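# Remarks on the overall topology
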Amino acid sequence: MVTIEKVHAIEILDSRGNPTLMTRVTLSDGSVGVAKVPSGASTGVNEAVELRDGGSRYGGKGVLKAVKNVNTALFEAVRGIDPTDLRAVDRALLAADPSKGKGRLGANAILSVSMAAAVAAATHLGLPLFEYLRTSVLDKPAKYLQPVPMSNVINGGAHAGNDLAIQEFMILPVGASDIREAIRCLSEVYHVLGKNMIEKYGRMAKHVGDEGGYCGFGLRSTRDALDEIVRAISDAGYSPGDDVVLGIDAAASGFHKNGTYTIDGQEMSAGELLDFYIDLEKTYPLKTVEDPFDETAFDDFAEYVRKTKVQVVTDDLTVSNPDIVRRAVEMVAGTALLLKVNQIGTVTEAIDAAGIANAAEWGVVVSHRSGETGDTFIADLAVALGCGQIKTGAPARSDRVEKYNRLLEIYDILSGDCGYPGHDFRTAWRNY
Ligand code: PGA
Ligand code: ZN
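Bear in mind that the values here come from a model prediction, so they are computed numbers and not experimental data. (Residues numbered from 1 in each chain as written. Chains lettered and ligands numbered in written order. Predicted model: local features only at pLDDT ≥ 70, side-chain atom pairs only at ≥ 80, totals over all residues. Heavy atoms only, no water.)

## Topic: the overall build of the protein
A count of helical and extended segments in the protein gives 13 helices and 14 strands. Over its C-alpha trace the protein gives a radius of gyration of 21 Å, about what one expects of a compact globule, namely 22 Å for 432 residues. Taken along the three principal axes of its C-alpha coordinates, the protein extends 60 × 50 × 45 Å. Taken over 432 residues, the protein has a buried fraction of 61%. Considering only contacts within the protein whose residues lie at least 6 apart along the sequence, 68% involve residues at least 24 apart. Counting only carbon and sulfur atoms, one obtains 48% of the accessible surface of the protein, whose full area is about 15700 Å². In the protein, which carries 44 positive and 58 negative side-chain charges, the distance between the mean positions of the two groups comes to 3 Å. (Helix = DSSP H or I, 4+ residues; strand = E, 2+ residues; numbered from the N terminus. Rg over C-alpha atoms; globule rule 2.2 N^0.38 Å. Buried < 20%, exposed > 50% of the residue type's maximum accessible area, 1.4 Å probe, protein only. Contact = heavy atoms within 4.5 Å. Areas by Shrake-Rupley, 256 points an atom, 1.4 Å probe, with all protein chains shown as cover. Lys, Arg positive; Asp, Glu negative; His and termini not counted. Charge placed at Lys NZ, Arg CZ, Asp CG, Glu CD.)

## Re the domain arrangement of the protein
Partitioning the protein into domains gives domain 1 (4-126) and domain 2 (148-431). Roughly 2400 Å² is buried in total at the junction of domain 1 and domain 2, and carbon and sulfur atoms are behind 54% of that figure. Summed over the three residues of domain 1 that lose the most area to domain 2, namely Pro38, Ser42 and Arg87, the buried surface amounts to 20% of that side. Counting every contact that joins domain 1 to domain 2 gives four salt bridges. When the shortest N-O distance is used, the salt bridge between Asp352 and Arg87 registers 2.8 Å. In this assembly, domain 1 and domain 2 are joined by 19 residue pairs in polar contact (both at pLDDT 80 or more). (Domains from an automatic or database assignment. Buried area = accessible area lost by both parts, 1.4 Å probe. Salt bridge = Lys/Arg side-chain N within 4 Å of Asp/Glu carboxyl O. Polar contact = N/O pair within 3.5 Å; in protein donor to acceptor, adjacent residues only side chain to side chain.)

## Considerations on the nonpolar core
Formed by 147 residues in total, the largest nonpolar core has its most connected members in Leu133, Phe255, Tyr277, Phe293 and Leu339. At eleven residues, the largest contribution of residues to this core is made by helix α3 (residues 107-125). Two domains share this core, each providing at least three of its residues, namely domain 1 (4-126) and domain 2 (148-431). (Core = buried A, V, L, I, M, F, W, Y, C linked by side-chain atoms within 4.5 Å.)

## Here we look at the pairing of strand β2 (residues 19-27)
As a general feature of sheets, a regular strand has side chains that alternate between the two faces. Taken together, the nine bridges between strand β1 (residues 4-13) and β2 define a ladder with antiparallel strand orientation. Each bridged residue has a counterpart across the sheet, and for Leu13 the counterpart in β2 is Pro19. Turn length for the β1-β2 hairpin, with the two strands adjacent in sequence and antiparallel, is five residues, and the turn residue Gly17 shows positive phi of about 80°. Pairing geometry for β2 and strand β3 (residues 32-36), over five bridges, is antiparallel. Within β3, the position partnered with Thr26 by the bridge is Val32. In this structure, the hairpin formed by β2 and β3 is closed by a connection of four residues, where Gly30 is found at a positive phi of approximately 90°. (Pairing = 2+ DSSP bridges.)

## Points about the pattern of salt bridges
What the rule picks out here adds up to 28 salt bridges. Notably, a salt bridge pairs Glu290 with Lys391, separated by 3.0 Å at the nearest N-O pair. Highlighted residues: Glu290 in strand β10 (residues 286-290) and Lys391 in strand β14 (residues 389-391), separated in sequence by 101 residues. On the accessibility criterion, Glu290 (1% relative accessible area) is buried. Linked through salt bridges whose partners overlap, the residues forming this network are Glu168, Asp249, Glu290 and Lys391.

## Brief notes about unusual backbone geometry
We note that Asp264 has phi near 50°; this positive angle belongs to a residue other than glycine. Relative to the helices and strands, Asp264 is located in the loop between β8 (260-263) and β9 (266-268). In this structure, Ser415 is a non-glycine residue whose phi angle is positive, near 50°. Tracing the backbone through its elements, the reader meets Ser415 in the segment after α13 (398-413). Accessibility expressed as a relative area gives 66% for Ser415, which makes it exposed.

## Re the sheet that holds β14
By way of backbone hydrogen bonds, the strands of a sheet pair with one another, either parallel or antiparallel. Strands sit in the order β4-β5-β6-β10-β11-β12-β13-β14 around a closed barrel of eight strands; the barrel is mixed. Recorded for the sheet is a direction-independent mean angle of 25° between the axes of neighbouring strands. Here four bridges tie strand β6 (residues 245-249) to β10, and the two strands are oriented parallel to one another. Bridge pairing in β10 places Asp249 opposite Glu290. Helix α5 (residues 179-201) rests against β4 (148-155) and β5 (168-172) of the sheet, and its axis sits at about 10° to β4. (Axes fitted to C-alpha atoms, helices over the stretch in contact; angles between N-to-C directions.)

## Section: the coordination of the zinc ion (ligand 2)
The coordination sphere of the zinc ion (ligand 2), as far as protein atoms go, consists of Asp249 (OD), Glu290 (OE) and Asp315 (OD), spread over 2.0 to 2.2 Å. One chain supplies every donor for the zinc ion (ligand 2), spaced along it as D-x40-E-x24-D. Separated by 41 residues along the polypeptide, Asp249 in strand β6 and Glu290 in strand β10 bring together distant segments of the chain. Each member of the pair, Asp249 as well as Glu290, is classed as buried. (Donors = N, O, S within 2.8 Å, 3.2 Å for Na, K, Ca; no water.)

## Focus: the sheet that holds β8
Ordered in space as β7-β8-β9, the three strands form an open sheet in which the pairing is antiparallel. One side of each edge strand has no neighbouring strand; the edge strands of this open sheet are β7 (256-257) and β9. Two elements, β8 and β9, share three bridges in a ladder whose sense is antiparallel. Note on β9: the bridge partner recorded for Ile263 is Gln266. Where helix α7 (residues 270-283) meets the sheet, its contacts fall on β8 and β9, and the angle it forms with β9 comes to roughly 110°.

## A word on the site of ligand 1
With respect to spatial proximity, 15 residues lie near ligand 1, and among them Ala41, His159, Arg369, Ser370 and Lys391 are the closest. Contact between ligand 1 and Glu290: an oxygen atom at 3.2 Å from a side-chain N or O atom of the residue. Within the side chain of Lys340, one N or O atom sits 3.2 Å away from an oxygen atom of ligand 1. Here ligand 1 has 280 Å² of accessible area as a free molecule, and 100% of this is covered by the chains. Considered class by class, the residues forming the shell around ligand 1 number two nonpolar, five polar and eight charged. When we break the shell around ligand 1 down by domain, the ones giving at least three residues each are domain 1 (4-126) and domain 2 (148-431). (Near = heavy atom within 4 Å. Nonpolar A, V, L, I, M, F, W, Y, C, P; charged D, E, K, R; others polar.)

Structure follows, in structure tokens:
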């Protein structure tokens, strides 16, 4: 039997230049697994707790306490466990910090060990990470579905310094035949969009936001942004609606206060905002809308699901927490779950949240955070779950691009023997 022999974390930087953890798990046979932890900006109130040091170092954002917790308490908790049983590792981690939101030792500390243990186990077994997760943890047959990327090409909200209330304007290359063509399409549209915006608004439009999408300089409204994206899709030689469809992450908690939403220079009630989204659907090939209302507005989400044809994705509403996902599923407050491993803090809890969503016929979108690293765990997780959707930013900046590159590598490892959902991005998982 192979066991965890050493766990060691250090403080590193994320894509915003803020501290995060890199953790290395070493097994008794010498196999090593390394993981780096992401971090959000528009975080949900019910997310698991990132432990930060406070004080003046790194403006209070240091993670030396979390690093110490990995190197002491969490190391002791998982030492001697066989990591090929990832559930046993995660059980030990949860037992070490039963506090609400994992705030005592830090969800960032705990997640780093959970992820690194999975990577080490895959290395020991001589399997690619996605294969280990699929066959050993999920107990699914070896049958693979690549995800349709939801690529955030214009950034707004908490991720950019502009007038756009909507946080993410995304393109989905649904007409592609495989992930290679999908990524080519993303790159081509992204570059045409940049060129068009610079021509129209000047060189300031070249700047990008936290997730690599253009900063939206010169754009005044939601419709301005969607118009530019549709124009770029056509100019790049693709057909809007057939080859490429649109998505948004409103992250509406960011422009909500006391029951009122402030967007595009207007103040709207939840009902008016709902009509605003329905109108967008009529004008644009909009097929997926994330967090359309405040993170506590379960009823408004449910009302939207009743009225719309688009996929309604819950992120801040459900924070990848199995208990909250159960509630959202019962209320039909969405039709797809956004899955961020650091919102909950262990790999197997995130997998369980996905299982609850799928059991209710919801789709699942594996997602990055706005603060990322070069870690590519989520690309493997998306393929392992066979969920058919991934949200990992613009096809630019290495913190985003490394995930796309890993999907290309997985395609090559599988010799192309994997499905691509295309227009069926919400439901293709049923066959995998
Ligand atoms: P965050 O944004 O990582 O800043 O929370 C991503 C999202 O809202 O989906
Ligand atoms: Zn979101």
